[in-house]
Each structure stands twice: as C-alpha cells, then as structure tokens.
Amino acid sequence: MTNALFINRNLRRVLPLVAMLVVGLLTPAVTAQPFREFPPHLPPTFSNVPLNGGRVHSIAVSPTDRDHIIASHQFGGLWQTVNGGRTWYHLNGLQGVFITDVAYASDGRTVIATVQRDTKTVNGGGIWVSRNEGETWEQASDGSGTVPVTVGGMTRTGAWGISYAPDDPNRIYVGTDYGVAISTNNGASWSHRLLESTGPAAFSIQGLPRNRAITVTRQAIYLKEADDVWRVIRRGWFSAGWQYIDDGFKNIDVSPYDYDKVFILQNYNTLLLYEVTADSWTEIPLPGGGSRGPFVRAARGTTGPQSIDLFVGLGVALYKASCADMTCVRSLRCGSAPSSCDWRPIGRTEGVHDDSGHLGLDAQKRPVMYGSDGGLFKPQNAEATSWTLASPGGSGMNSYQMTSLAGTNYPRGMSGPSLYFATQDNAIWASPDGGRTWPNSDCAEGWHMQTWHQATSAADPVARVGYGSTGCWAGPRISDANLLNQRDSVAWRSTTGGAAYVTYESFLLSPLNWMRFEDGRYFSIDRTVGNWSLAMSTDNLERWREVGTTLLNPNSSVLKSGASGGAVTTYATFEGSLRDPSDNPRIAFHRMRDVLRTSPGTIIEDNLLYLPDRGNLGIRATEFDWHPIYGVDPNNPNFLIAPDVVNGRVWKSISGGDTWFPDDALTDLATQGGRLLLYDGHPYRLQVTEIAFSPYERNLIMVGTRDAGVIYSDNGGNTWQPIVGSEAMRYVTGFFFTPNGQVYVSTYGRGLWKIDMWWRWQEVPIIPICGFSYGDCIVRLRPEAGVNVIRDFPWKEHNVLIVRGGRVNGLVRSGDQVKSITVTPGSFYKFYAVEKQALPEITESQQGAGFQDDPAAEFALKNGEVITGVIFKGGVAVGYLTNKVEFKPDEEPIAPKPGKEVPGDKPGSGLPYLSISTQSHIGPGVVQTGGVVHLVGRGFIQGTPAEVLLDGQTLAQVTADKDGHVAYTVKVDDKLSLGQHRVEVVQKTQQGERKALATFVKVRGQDRFDRQ
C-alpha cells in the first residue's frame, strides 16, 4: 500500500521499539502524512471503573503463541498484539465497521472473521479469511464467502459465530443469517445449509468431533449428525441480550476435557449442560443479568486434574464458578442470597470494567484476555480472579467509541487547547494541554459536547462546557473549562401542577447564548409526547426562559447556528406530518431568524422546510445519541449541507433551506463513486456522519463519513477532495479546529485522530529551506555531505524534514540508515522528499529517543539551539537545520527582522523548556529504581527562584544562573510508582508565570526495550 499508515505488520515487529515503548508520551508510529492517530492516554480508571479501550466483541488467542491475540471491537474492527498486549495495532486489511467474530486456525496463520452487512453497494458482509495472521483478507474466490439471501428475503446478509472442528483442522462452522456455513478446506470455499425450511439464522455454533456440530437460533438448538442432517434437540427461547447483536454469538462452549459435555446459555438465568452421548440435559441456575449479549467459556481449573472453571458473561457482570469435576458442575446452585450462589462476580474490585464482552482462552484452555465495554484486561493470577489492563496508555490502542468532540483555543503561550470528548461507557474527558494529558472526567457516557472555540483564558466565561450525560448523572450537564466544577443544568421551571419538566442537552448559539428543548408534560425520555418548550439562556447556562413552544416532535433535534451582520440564525429539526416513500416521517428544518432578539413563538407545521423530492434527513446513531446530520456555515447561516437518505445524495442550500440543489461531487466522494451506499436502512449505516465548518478558515469545510474517510473543501464547497487514506478514520463523529491548522477528529470505535490541514499543499516545494524555517536558521552539514558552500547545497537531491512549532529531539539509526525521528508533541512536520520510499518513521515524544552518538546531540545543546530539520540522502542523515529558539505548537512564529534580537538570545526572553536525561542503559527518558533523572531548564530569568515539581508536588527551589539555566537531579526510589511521571519547573515573575515541563518513565528492573 502506498499510504504510510498501513505499515507492514511484520515490519512493525522489527522496527525499533523505542519508537513505541521507550517513552511515556508516545503515539503509534506514523510517517509523513496529513493525518495520524492520536490515541488519548487516559488514567486507568474513572470513578473507580477500569478502562483502556472501547467495547470488545470477540477475542481469539493463537493456538501456537498465546502472546498473539486478535480482538474484535464494536465499530472499531480488528486489533492485534504479538506481545501479549504491550503494543497493539489495527488490522487495516479488513476495514469493516462491524466485524463480529474472529478465530485462529490451528496453524496460527489462518484467521477467520465474520462481518455484518455493511454500506458497500456489493455487500461486504459474510465470511473473510486471512492466510497471514490478519495482514490481508479475502473472501472465497468462488463467491461462497457471501451469505445467500435468506428464506425471508433478506438480501444484505451477514455472519455470526465461528468454530473449528476439534479433530479436523480444515473443517470450520459459521453461523449466518441464512443458517450454517461449512468449509472443509480451511476457508477456501463454503457450503451453506438451511437448518429448517423456515430458514432461522444461526448465531452461536460449536464444532464437535466426528463431523458433528451444535448451533443455536432464537427458538431452537440443533445438532448436526455425521450425515449432515441438522435436527432439533431442544426448543425454547434462546435470546437474552438487547443490543445491536441481540442474540449473542458466543453462547456455546465445551468442557476442556470432554467434547461430549456442551454448555449452552439459554438466557441470563439459565445455563444448559447437554451431554451428547447420553442425550441428557441439566439446567444450571445463573445470577441473572442484562445489557450486553451473554457468553460462556469453560476453562481448565487450577485445583485438580479434572477441575473446571466456568465463566459466564451475563451482560453487566462476569461470573465464575469453580468445580473439581462434572458432578460438581451438575449441582451448581444460585439462590437469591449471595451466600447461596456458587457463581462469584468478577467486576471493578477485581480490576475489570462492567458490561462483559468475551473471554479468550489459549490452546491449554487457560484464560488469557477478557474484553468488556472498557477494553481489554489480562489475568494477574492463575485463578483469573485478579485482572489488570491489557492495552495500557501508549500501547497504540485507539478504539474508544467517541460520540462527540469539542474544544477551546487560547492565546499564544497557554498550554491548550482544551479538548473534550464523550464516549460510550468510558466517561467524558477533558485535556487542558491539547491532548497530552487527560486528568479530568465526568461519568459515564455523554454526547453533544459544546463550548465556544476561542477564549481569552480558562477563566473566560465562554470556555464553559455544556453536554448531555447518562450513567452516574442523567440529563444535561455543565462545567467550567476543563470539566471543572461539574454540575447539573437545571430546568427553567421545575414543576407545574406536580408534573416534572425534563430538560435536554443545550446547544451553543453564540458566546454566552444557549438554547434547548424541555418536555413540558411527561417525565419520559420518549420525545414523541408532550408539549415542547424551547428555552434560552443568555447568561451562559445559568438562567433560562421560555422563548417558544411546539407540538411537533423534535426527534432528538440538534440545534445549529450561524451569524451574519450581528444576527444569529438557528435551525432545529422536527418530524413533520409528511411521509417519505417508505412511509417514514420526514425530518424537516425550522429556521429561526435573529433568534437573540426575536422570540420563535409557536413552531408549527407550516414553518417547516423539507428536502426536495420527498427527501429525508438521515439519523446518525451512537449508543445514546441519535440525531439528524446537517451542517450550517457559522459565517453564512443561509448556507446548509444535508444528506438525503431517500434520494441517496447530498443537498446544499444557499437560501437558508428555501431552495436546494444537489452536490453531486460531494455525493460521489462520500459514496466512493457509487461503491458505497449513502444509507442502508439503519442509523448505524448512514454514510455522512459529521459536517463541520472551520471558524478560522472561512472556506474550509470538513465532512466525516462512516466508511469513506474525511472529505474537505477549501473553497466553500465549490469543489471537494478526499484526504487520501483517511478511510482508516471510520465513523467520524466530530471535528475541532485550531487556528494553526491542526484539526482533531473523533470517531465511534476508532478513537481520536489529528489532521494537519496546514500542509494540504504538500507537493509545493519551498526553497530555500532556511527561508522557510522561522528564527535564525542555521544549516549544519556533516563533512561527508561533500558540500563546502551552503548556497550551493543541492536541495533537490536530498530529502528534508522540517519541523515547525516544535523541534527534533531524537534520531534512531540502523547502521547509517535513519529509521526513526522523534519530534516534540504537537509539532507540525513536513517532508520535502525525492526518495519517498526511504522516508523514516516520525513519532512524537516529550523526551525524544536520543541521538545515538550523532553529532546532532551537540547542536541541540549549543548556545540554546534546537534542531528544527534533518537533511538526509539515501536514508543517511547528512545535515541539520537548527534554530535559536523552539516555538511551541500554539505559537505563530515570527521571523526576525534585520537589526532586531532573535527571541531567545537573552535569558528569559524566549519560552523556557526542559532538557531531561536519565542514567539508564535501557533508553532515553526511562529509569529504574536507584537511577537518577537530570533536568536542565533553559530560558528562565536570572536570580529569580523557581520551583521544581514532580507530579504536582514541590521537590525543591532552584535559581536560574546568568544564562537563564536551572539544574536539578531527581533520585528515583521505591516510593515512586511505575509508569510516566511529570516534572515541572515553575518561575513566578512580575510579568507572569514561566513554566517548562518534561516527562520520564519508571520501569521495573526486568523490563527491557529493544533498540535496533
């Protein structure tokens, strides 16, 4: 693949792990691209709930190496680790949003995956096979990997559970919407069988010895005999869950000692033991549950040669029962009192997140990894009763299901921007420093994060945040900047005649001005009932007043606004009385002109603005947030963009919705030339999922999609372009723009990303190089560069990396070849390359990977210079660009004028920064107990005391010397915990606070980091 995000999986294994493990603030390695993954390194818990990733569906452990694990994440696709969870990477070869099950073959190389129906015109649902452990995927060449049309006429079908036969490595069984698929050649081809003439779908399935198998549908359990005849062995109702996969697909397992003993979950209350030879059933009572689809796993016990540990995921909770033998299993009990139940819960106290997903067992049938709504966990003891995170921060895992994204930018010199995102079941988070750290949260789920995009400081009232929330606190919430001072947003009236008034999330119209709906009749989340009030706050969410009413259904309305000439126009969506061709209510716009000065009054049907040709707005779905998708230009409220799920096209209006015209170019990109559907019958399969206008670059519009990546226009929608390779950003749910061209992107299942829109003119060369770099740029060349005069340097024959808004702080080579370059977090970097195949990896790190005895090391420390570029040829570094001062990402650098001092020449005149080094044989920025961390601070004011803080606690006071330097040594002892630590030097002066920070990582004595 040409897109450098898709790095060969095997190559990742041998590239220097310093690029992913050695330092604390690392993101997955990304080469020179306009976008990159930006996984948030969250604390390990929120409100004592463990978390480290998004919802997990299935876990497959390699039978040949238990450190090789593949996990299927809901909406996030497949993730793999080859080192037991230390690092993870996404299997981009199968770019499905909804991959159900995954299973290894006995060879450890073949992997089978099942996929639900997708948005491709030619449905990609069905059965997929990889022969190289997940790197590339294909369906059977004869087309048999596609599931047939069902008896009931379902044409867009998918597949569910997978099971290999225990005595035949080439025989595979898969449950499908049609019935059962069987392969006898390890997935090369498939035959599809109906279970009965009525054609029930098979969900969970289990292969048995001697050409037999057992499967479960909603209403029956079927046994396949050796003659390929499926017969009903038990009827009943075998459906327990209520989620999108509502029947479960991992509800069958067998004894680790005897395939004759089959465990089948009937529901949350009953586990069935079926003994095949005896054709006998035992009903085993369970504690009950709810929420997630259930699963059962039978593992080898730890108390005897025939001991067995049964694990059942019962929705919210995971339970375990331990037995010495099958006699014990048959007599398991569970009364109403905890003391009378043999099933013991495994939850937060034991180190796992609620809402169970699946448990992966190795070839010896021992627990290896568990997945839930909070990501992945691994056992800390043989009994699997104590668990820890299996994809910790810095591992590369980027699977959070983010429902929305917001942020606030601040003036130069502040640590921002403040960033916010809300998730499914993994809290609402805030970062005060542009995503480097995420210290503040609210729980447990949220949506519609809103705050004004620009503020003077964190104390500025326009930095206040509004959002919807469920879980710990239900309803609308507000907070100050960075989620401080969290509180409920009260209704403008609480009761009338004893009836409660339910409020919903607030929407920002303009600084300090908000609007929302309130249900005036019933305390119910059903928005189809009630007299609706439209309330407004003009004092930043403090007080509210009624400004309008309606009997129309707002249909989870999202209010969007634009301003022109000082007048704010706001749009809301409602279900009107008109119907679309499928007899669904048509969602239409209501336009409110000059809303801050004119009351909307009573909103009636006659005021609604519909899409043309009986069109209908689409609804985008996440767990608790279902809302229509459309965009409004904040600077021109007459300009609207909206996808139409009836006509399969995107419309634009320049008249505020009075008239519409099709945008065929945007439709074509969103559907990839007709290869994707704009809509496929369910809110989870709406193609256009987010539309956003930049508040800084008037003509920049970003469109996020479910499967087609990110599309943009920089001329106000006249023409559109895709960001090539951005299909990796599946199910986009939010954009946040910064004034320096960085755009943060949230996704539902593929975490957080960053796009550098500043460099979308990437192929335009800027010469001379030094004229591009800000400050007093100096070119330093190695003697072997063979160039004596700088002005004669043959720029066109070299690759050049230029870093703006940061610096180079590390370079790793293998022999003479540059393999990896580290830059400070938040840097803008760009290659001007003639040898694109020889580009090294670029990673971000506060400390850097060091320079491995390179001459650049002295440049980085000489006269306060920092490296802002690397010149190399044939993969060999031949020179460097250095500057007198490092510019921070939030600053707009200014080139010095002749005769003026360059910023940073005098102590205290530039921005301070810390250099950090450790006495360690492991790697830069890494230290063990007994080691030391050396700090050298630069850019401080002479003679003024400064505090040294470790993780926010004061260690000492130091004083800057005449050159503006401070120095301090931190000794690392047993009291300092493992993991990342933050060091700050803070100097308070009459002109304000000067602060610099750095981080290091403490590791155990046995930890090692490969550096090749």
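Read on for a plain summary of the structure.

1. Notes on the overall build of the protein
At step 1: Looking only at helices and strands, the protein has five helices and 78 strands in total.
At step 2: Restricting the contact set of the protein to residue pairs at least 6 apart, pairs at least 24 apart contribute 55%.
At step 3: Only carbon and sulfur atoms are counted for the fraction: they give 49% of the accessible area of the protein, which is about 36,800 Å².

2. Details of the sheet that holds strand β10 (residues 126-130)
At step 1: The sheet built from three strands is open, its strands ordered β8-β9-β10 with antiparallel pairing. Edge positions in the sheet fall to β8 (99-104) and β10, since each of these pairs with one other strand and no more. For this sheet the average axis-to-axis angle between neighbouring strands, irrespective of direction, equals 20°.
At step 2: Across four bridges, the pairing between β8 and strand β9 (residues 111-115) is antiparallel. Looking across to β9, one finds that Tyr-104 is bridged to Val-111.

3. Concerning the state of the cysteines
At step 1: Within this structure, the stated rule accounts for two disulfides.
At step 2: One disulfide bridge connects Cys-323 with Cys-328, the sulfur atoms lying 2.1 Å from each other. Handedness of the Cys-323-Cys-328 disulfide follows from its S-S torsion of about -60°: it is left-handed.
At step 3: Classification of Cys-328 by relative accessible area gives partly exposed; the value is 24%.
At step 4: Between the sulfur atoms of Cys-334 and its disulfide partner Cys-341 the distance amounts to 2.1 Å. Disulfide Cys-334 to Cys-341: torsion about the S-S bond roughly -95°, handedness left-handed. Like Cys-341, Cys-334 is buried.

4. Considerations on the pairing of strand β17 (residues 220-224)
At step 1: The element β17 is extensively covered by neighbouring structure, given that five of its five residues are classed as buried.
At step 2: Residues Ala-220, Tyr-222 and Lys-224 of β17 are buried on one face, and the alternating residues Ile-221 and Leu-223, pointing to the opposite face, are buried as well.
At step 3: Pairing of strand β16 (residues 212-216) with β17, which is carried by four bridges, proceeds in the antiparallel orientation. By the bridge assignment for β17, Val-216 is matched with Ile-221.
At step 4: Linkage of β16 to β17, two consecutive antiparallel strands, is achieved through a turn of three residues.
At step 5: Connecting β17 to the antiparallel partner strand β18 (residues 230-235) that follows it, the hairpin turn spans five residues, and Asp-228 within it adopts a positive phi of roughly 70°.

Quick notes on the rules
- Residues numbered from 1 in each chain as written.
- Predicted model: local features only at pLDDT ≥ 70, side-chain atom pairs only at ≥ 80, totals over all residues.
- Heavy atoms only, no water.
- Helix = DSSP H or I, 4+ residues; strand = E, 2+ residues; numbered from the N terminus.
- Contact = heavy atoms within 4.5 Å.
- Areas by Shrake-Rupley, 256 points an atom, 1.4 Å probe, with all protein chains shown as cover.
- Pairing = 2+ DSSP bridges.
- Axes fitted to C-alpha atoms, helices over the stretch in contact; angles between N-to-C directions.
- Disulfide = S-S within 2.5 Å.
- Buried < 20%, exposed > 50% of the residue type's maximum accessible area, 1.4 Å probe, protein only.

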